[in-house]
Amino acid sequence: DLYGSTDTHSIDAPNIKSVRYANAAQDALLLTFRDPDDELIIDVGAVDDFELEDGVIALTGTVIGNRILLTLSGPTQSETLAYVGHKLDGPWITNDRGIGALTFKVPIQP
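Because the structure is predicted, anything quoted here is derived from the model rather than measured.

Enquirer: It is not clear to me how the packing of aromatic side chains should be interpreted in this structure. Could you clarify?
Expert: Aromatic ring pairs are reported here in terms of the distance separating the ring centres and the angle at which the planes meet. Counted according to the given criterion, the structure contains 3 aromatic pairs. On the numbers, 5.1 Å between centres and 40° between planes, the contact of F50 with Y83 is tilted. Note that F50 is positioned in strand β4 (residues 50–52) and Y83 in strand β7 (residues 80–83), a separation of 33 residues in sequence. Under the relative-accessibility criterion, F50 is labelled buried at 7%. Taking the relative accessible area as the measure of exposure, Y83 reaches 1% and is therefore buried. What links up through ring pairs into an aromatic cluster is the set F50, Y83 and F104.

Enquirer: Even after reading the chapter, I still don't get the pairing of strand β2 (residues 28–33), so can you show me in this structure?
Expert: On a regular strand, each side chain points to the face opposite its neighbour's, so the side chains alternate between the two faces of the sheet. Counting buried positions over the 6 residues of β2 gives 5, a clear majority of the element. Here strand β1 (residues 16–21) folds back onto β2, and the loop between the two strands holds 6 residues, one of which, Q26, carries a positive phi near 55°. Bridge count for β2 against strand β6 (residues 67–72) is 5 bridges, and the pairing is antiparallel. Residue A28 lies in a different strand from β6, and its bridge partner there is T71.

Enquirer: What am I meant to see in the sheet that holds β7 here?
Expert: Strands in a sheet are paired, the pairing made by backbone hydrogen bonds, and the direction either parallel or antiparallel. One open sheet accounts for 7 strands, arranged β4-β7-β9-β1-β2-β6-β5; its pairing is mixed. Edge positions in the sheet fall to β4 and β5 (58–64), since each of these pairs with one other strand and no more. Sheet twist, expressed as the mean angle between neighbouring strand axes with direction ignored, is 25°. Two strands pair when backbone bridges link them, and β5 and β6 are joined in this way by 6 bridges, in the antiparallel orientation. For I64, the partnering residue across the bridge sits in β6 and is R67.

Rules used throughout
Every chain is numbered independently, its residues counted from 1 as its sequence is written. Only residues with pLDDT of at least 70 are given local features in this predicted model, and only at 80 or more are side-chain atom pairs given and counted; all residues enter the totals for whole chains, interfaces and linings. With hydrogens and water stripped out, all remaining heavy atoms of the structure feed into the side-chain values. Stacked, tilted and edge-to-face are the three classes applied to pairs of Phe, Tyr and Trp rings, where Trp contributes its six-membered ring and a pair requires centres within 6.5 Å; stacked means planes under 30 degrees apart, edge-to-face means over 60, and tilted covers the rest. Secondary structure elements follow DSSP: runs of H or I no shorter than four residues count as helices, runs of E no shorter than two count as strands, and numbering proceeds from the N terminus. Exposure classes here rest on a 1.4 Å probe applied to the protein chains alone. A residue is buried below 20% of its type maximum, exposed above 50%, and partly exposed in between. Note on pairing: DSSP must find at least two bridges between two strands before they are called paired. Here an axis means a line fitted to C-alpha atoms, over the contact stretch when the element is a helix, while the angle between two N-to-C directions is reported on a 0 to 180 degree scale.

Rendered as structure tokens:
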């Protein structure tokens, strides 16, 4: 922005837009990030930085463009999902430029 560059693809940190249940069993969540052009990368171990209120944990994270499908250890009744990030060296959720996702705590939509 400062220098008027036209190279603006993936220059912002991935920012969450919504979290929804991915199935009726409520054992998977679909996270959608704001920028539809983002190509997210989830490092091995980054799913450990997600928190649900009821103690259910994320087992795997699968990237689908600007979305992440979290498979959980079981059904959750949590009302919110938090991504607390990771201090210092990764693992991280990043975009294709290596910019890390913002931390968040958002409601889970039906």
